[in-house]
Amino acid sequence: FCPTCSPSVAIYVLQTTIAGNLLWPPNWHELGLLAWGALGDIPVAAICIAIARRLLRLRDHELVPEVEEFATVLQQELANHGVSPLLTGDWLWEAVDPWSGLCASP
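Residues numbered from 1 in each chain as written. Predicted model: local features only at pLDDT ≥ 70, side-chain atom pairs only at ≥ 80, totals over all residues. Heavy atoms only, no water.

Engineer: Sorry, what's going on with unusual backbone geometry here?
Structural biologist: Trans is the prevailing form of peptide bonds, just as negative phi is the prevailing case for residues other than glycine. Even without glycine at this site, D60 takes up a positive phi of about 60 degrees. Turning to its location among the elements, D60 is positioned in the loop between α3 (42-58) and α4 (65-80). Of the residues examined, D60 reaches a relative accessible area of 69% and is grouped as exposed. (Helix = DSSP H or I, 4+ residues; strand = E, 2+ residues; numbered from the N terminus. Buried < 20%, exposed > 50% of the residue type's maximum accessible area, 1.4 Å probe, protein only.)

Laid out in structure tokens, this is it:
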């Protein structure tokens with residue numbers, strides 16, 4: 001994304017770019033690469049890739065080999081660290097009732 005930038009500057013620039021266009025999958029892919037490569041944060045990288053994949057699917061785009069390869073690598077890294085799969089299924093996109101379990105039944 002920005003090979004001459006420090007990681008903190010690159011993250012700031014990329015976050016600003018994403019904020020300006022939340023629905024552009026390549027930005028999320030780049031943030032995932034940066035989160036894993038510069039920060040070593042595998043779960044954050046996996047979530048970024050999950051968002052990129054979801055946006056591609058919603059736009060009816062074909063699979064992007066680079067995104068799918070990175071998703072496979074991250075899934076293996078998560079498994080190596082004993083973290084449950086973050087990139088499988090649609091659980092991230094299911095509606096959640098924020099009030100469920102908070103109020104006692106009458």
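On we go.
Engineer: How should the side chain of H29 be read in this particular structure?
Structural biologist: Within the fold, H29 resides in helix α2 (residues 25-37). A relative accessible area of 12% places H29 in the buried class. If we ignore the near neighbours within four places in the chain, the residues touching H29 are I49, A52, E66, V67 and F70. (Contact = heavy atoms within 4.5 Å.)

Engineer: Which parts of the structure should I look at to understand a nonpolar patch on the surface?
Structural biologist: Side chains of V9, Y12 and V13 sit close together on the surface and give an oily, nonpolar patch of about 270 Å² of accessible area. For V13, the location among the structural elements is in helix α1 (residues 7-20). (Patch = residues over 30% accessible without salt bridge, like charges linked within 9 Å, V, L, I, M, F, W, Y side chains within 5 Å. Areas by Shrake-Rupley, 256 points an atom, 1.4 Å probe, with all protein chains shown as cover. Salt bridge = Lys/Arg side-chain N within 4 Å of Asp/Glu carboxyl O.)

Engineer: Please clarify how the pattern of salt bridges should be interpreted in this entry.
Structural biologist: Between side chains of opposite charge, pairing is possible as soon as their charged atoms come close. One pass over the structure, following the stated rule, counts 1 salt bridge. Here R53 makes a salt bridge to E68, at a shortest N to O gap of 2.9 Å. One end of the pair, R53, is in helix α3; the other, E68, is in helix α4, and 15 residues separate them in sequence. Assessed through its relative accessible area of 19%, E68 is described here as buried.

Engineer: Explanation requested: the packing of aromatic side chains in the structure shown.
Structural biologist: One pair of aromatic rings is described through two measures. These are the centre distance and the angle between the planes. According to the stated counting rule, one finds 1 aromatic pair in the structure shown. Residues W36 and F70 carry aromatic rings whose centres are separated by 5.4 Å and whose planes lie at 45 degrees to one another, so their mutual orientation is tilted. Within this pair, whereas W36 is found in helix α2, its partner F70 is found in helix α4, the two being separated by 34 residues in sequence. Relative accessible area serves as the criterion here: at 29%, W36 is assigned to the partly exposed category. (Phe/Tyr/Trp six-rings, centres within 6.5 Å; stacked < 30°, edge-to-face > 60°.)

By themselves, these observations are geometric and do not establish any function.
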